[in-house]
Amino acid sequence: MSNTLEAVAPVQETMFDRFADEFGPEKIVYIYEPRCNLRGIVVIDNSCIGPAIGGIRMTPTVTTEEVFRLARAMTWKNALAGIPHGGGKAGIIADPRNISLAEKEVLIRQFARGIEKLNEYIPGPDMGTDETCMAWVRDEIRRSVGLSSVLGGIPLDQIGATGYGLAVCAESAQKYADVELKGATVSIQGFGNVGQHAARYLAEPSRGSILVSATDVDGTIYNPKGIDIEQLVAIMKEGGGVTGYKDAEKLDRDAFIDIESDIFVPAAQPDVITAENAHRLNCKLILQGANIPATKEAEKILYERKVLSVPDFVANAGGVICGSVEYHGGTKNQAFKEIKEKMIVNTRDVLQKAKDENLTPRAAAISIAKSRVKEAMSYRRAN
Ligand code: NAD
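Quick look at the sheet that holds strand β9 (residues 249-251) now. An order of β9-β8-β7-β6-β10-β11-β12 is seen for the seven strands of this open sheet, with the pairing classed as mixed. The open sheet terminates on both sides in strands that have one partner only, identified here as β9 and β12 (308-310). This sheet shows a mean twist of 20° between the axes of neighbouring strands, independent of strand direction.

Let's shift gears to the pattern of salt bridges. Considering all chains together, one arrives at 25 salt bridges under this definition. The shortest N-O distance in the salt bridge between E140 and R109 comes to 2.8 Å. Linking E140 in helix α5 (residues 131-141) with R109 in helix α4 (residues 101-114), this pair joins segments that are 31 residues apart in sequence. In this structure, E140 and R113 form a salt bridge, with 3.1 Å as the shortest nitrogen-oxygen distance. Taken together, the positions of E140 in helix α5 and R113 in helix α4 put the pair 27 residues apart, joining distant regions of the chain. One salt-bridge network, held together by shared partners, links E105, R109, R113, D139 and E140.

Mean pLDDT for the protein: 94, with 97% of residues reaching 70 or above. For the stretch residues 1-7, pLDDT sits under 50, and the model shows two contacts to residues farther than four places along the chain or on other chains.

Right, let's talk about the domain arrangement of the protein for a bit. According to the domain assignment, the protein consists of domain 1 (3-153) and domain 2 (161-370). On a C-alpha basis, the centroid separation for the pair domain 1 and domain 2 is 27 Å. Taken together, the contact between domain 1 and domain 2 spans 21 residues of the former and 19 residues of the latter. Summed over both partners, the interface of domain 1 with domain 2 comes to about 1700 Å²; 70% of that surface belongs to carbon and sulfur atoms. Considering only the side of domain 1, the residues that lose the most area to domain 2 are W76, K77 and L80, jointly responsible for 41% of the buried surface there. Between the two partners, domain 1 and domain 2, sit zero salt bridges. Between domain 1 and domain 2 we count seven residue pairs in polar contact (both at pLDDT 80 or more) in total.

Along the polypeptide, T295 turns up in the loop between β11 (285-287) and α10 (296-304). Apart from the residues lying within four places of it in its own chain, the contact partners of T295 are D271, I273, T274 and A275.

Let's shift gears to the sheet that holds strand β3 (residues 52-59). Within a beta sheet, neighbouring strands are joined by backbone hydrogen bonds and run either parallel or antiparallel to one another. Sheet architecture is open: five strands sit in the order β1-β2-β4-β3-β5, paired in mixed fashion. One side of each edge strand has no neighbouring strand; the edge strands of this open sheet are β1 (27-33) and β5 (121-125). If you compare each strand with its neighbour and ignore which way they point, the axes differ by 25° on average. Bridging between β1 and strand β2 (residues 38-46) involves seven bridges; their strand directions are antiparallel. Residue pairing across strands places Y30 opposite I41, the latter belonging to β2.

Once that is clear, we can look at the site of the ligand. Residues in contact with the ligand amount to 20 residues; listed here are only the nearest, T162, F191, N193, V194 and Q269. One nitrogen or oxygen atom from the main chain of V194 is found 2.8 Å from an oxygen atom belonging to the ligand. Burial of the ligand by the protein chains amounts to 70% of its free accessible area of 830 Å². Taken together, the elements giving at least two residues each to the shell around the ligand come down to α6 (156-159), α8 (193-203) and β7 (210-216). Classifying every residue of the shell around the ligand gives seven nonpolar, ten polar and three charged.

On to unusual backbone geometry. Following G24, the chain continues to P25 via a peptide bond in cis, the omega torsion being 5°. The residue D271 is not glycine, and still its phi comes out positive at about 55°. Tracing the sequence through the fold places D271 in the loop between β10 (263-266) and β11. Exposure remark for D271: the relative accessible area of 42% places this residue in the partly exposed category. For I292, which is not glycine, the phi dihedral falls at a positive 35°. Tracing the backbone through its elements, the reader meets I292 in the loop between β11 and α10. By relative accessible area, which is 41% here, I292 ends up partly exposed.

Another aspect to go through is the packing of helix α12 (residues 318-327) against helix α13 (residues 332-356). In a pair of packed helices, the angle between the axes and the distance between the axes together describe the arrangement. Running from amino to carboxyl end, α12 crosses α13 at an angle of 135°, the nearest separation of the two axes being 9 Å. Classified by the angle between their axes, α12 and α13 sit oblique to one another. Judged by the twist between their axes, the crossing of α12 over α13 is right-handed. Side by side, α12 and α13 meet where G318, I321, C322 and V325 of the first sit next to Q334, A335, E338, I339, K342 and M343 of the second. The residue inventory of the contact of α12 with α13, partitioned by class, reads six nonpolar, two polar and two charged.

Quick notes on the rules
- Each chain carries its own residue numbering, running from 1 in the direction its sequence is written.
- Where totals are concerned, whole chains, interfaces and linings use all residues; where local detail is concerned, this predicted model gives features only for residues with pLDDT of at least 70, and gives and counts side-chain atom pairs only at 80 or more.
- Side-chain descriptors were evaluated using all non-hydrogen atoms of the structure, hydrogens and water having been removed beforehand.
- Only when DSSP finds a minimum of two bridges between them are two strands counted as paired.
- Only runs of H or I of at least four residues qualify as helices and only runs of E of at least two qualify as strands under DSSP, and these elements are numbered from the N terminus.
- Lines are fitted to the C-alpha atoms to define the axes, a helix being fitted only along its stretch in contact, and any angle between axes, read from their N-to-C directions, falls within 0 to 180 degrees.
- Salt bridges are defined as contacts in which a side-chain nitrogen from Lys or Arg sits within 4 Å of a carboxyl oxygen from Asp or Glu.
- As a per-residue measure, pLDDT reflects the predictor's confidence and takes values from 0 up to 100.
- The contact definition used throughout considers only heavy atoms, calling two residues in contact when any of these lie within 4.5 Å.
- Residue ranges assigned to the domains are those given by an automatic or database domain assignment.
- Buried area: the sum, over both parts, of the accessible surface (1.4 Å probe) that disappears when the two are put together.
- Whenever two N or O atoms come within 3.5 Å, that pair is a polar contact, provided that in protein one can donate a hydrogen and the other can accept it, and provided that, for residues adjacent in sequence, both atoms are side-chain atoms.
- Note on terminology: near, applied to a residue and a molecule or strand, indicates that one of the residue's heavy atoms is within 4 Å of it.
- To be clear on the numbers: accessible area is Shrake-Rupley with a 1.4 Å probe, and residue cover counts the displayed protein chains and nothing else.
- In this count, Pro and Cys sit with the nonpolar residues alongside Ala, Val, Leu, Ile, Met, Phe, Trp and Tyr, while Asp, Glu, Lys and Arg are called charged and the others, Gly among them, polar.
- A 1.4 Å probe rolled over the protein chains alone gives each residue an accessible area, and that area as a share of the maximum for its type sets the label: buried under 20%, exposed over 50%, partly exposed in between.
- An angle below 35 degrees is read as roughly parallel, one above 145 as roughly antiparallel, one from 65 to 115 as roughly perpendicular, and any other as oblique.
- Left-handed is the label given to a crossing in which the near helix is rotated counterclockwise from the far helix by less than a right angle, and right-handed is the label when the rotation is clockwise.

Written out as structure tokens, the structure reads:
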């Protein structure tokens, strides 16, 4: 007879079955306020290294699962970056393009009050939120990063913290990819904040790389002799696109995949390198500026082809290192110094481990991040 409890009760999948493992998440908190239709989600994944830093994402489709995955990614990124912070993330279900600024302010302020007592979570900007939102959060609860300089912030987009980190990462990565930065050709997909600053810092005289291709939503430009970066940035500042640049061949938006260069920097959207196109990439070194620009299958193909791909949470950590320096009261110069020191060492450690142990760079990076988080967890009181 199988008339047991299991046979009659439906099996219920809980949040724990879906997400929980030995690392977290420590807390999943929902914040609901019907008067302003606030529906917010906070996931503090792991705060053993320190209070979790992670952005607040505002989109109409953000889910608990998405926030959890992003929070977990921040756990690894922050641990690997070597900053004294754990990983967390938040989501507000709203469409920032379909609400007024006043409505957005109400949502953000109400959300901030909802997280006031979650001291182990420090919010920053993410998709749909910015410096102004972080100022509202700070006004409510005195706790946020990504602030304007008048509030003691270090404007990370203005100084190009992530792009700078990518260039420093390349300094360490060059020898593992058999590339010499001096004279190396660079193509960049996504010529926004990250892409423009990566181009600039890679071309600085101490590194000496040459931008040969840039892509944005409108198309791709290519000139094997080199593109004048300042001229291109000026076109972008005036609201133009890369195809407004005269002295280059104009190609389709998706043509970036076949461009020959030593270094490729994806700095636009997720999943642009896939199992279908990974065999076409014509470069030796990939610096992942965007988050998850390559699918798992694509990374496997690149590894087998011996194209060195430095994973996103290693290569694009300049921004969060800057946020941590800001939170601890540091200056812009200290942020540059920390990014340089940390990115050089972390990239080298990851790539050396990958080489020694025949691992993909992502597997090596996760293994280092996990062991740091595990060590921090070992210092917790057991009960
Ligand atoms: P951005 O909005 O300033 O720039 C994005 C660029 O990508 C633009 O030039 C846009 O035209 C281009 N683009 C968008 N869709 C495209 C498409 N389908 N094909 C080609 N180009 C396309 O954004 P950003 O701040 O530079 O961020 C870029 C990526 O880097 C994002 O994935 C972001 O999550 C990630 N990232 C950013 C930071 C940061 O400090 N800003 C830090 C870590 C990771």
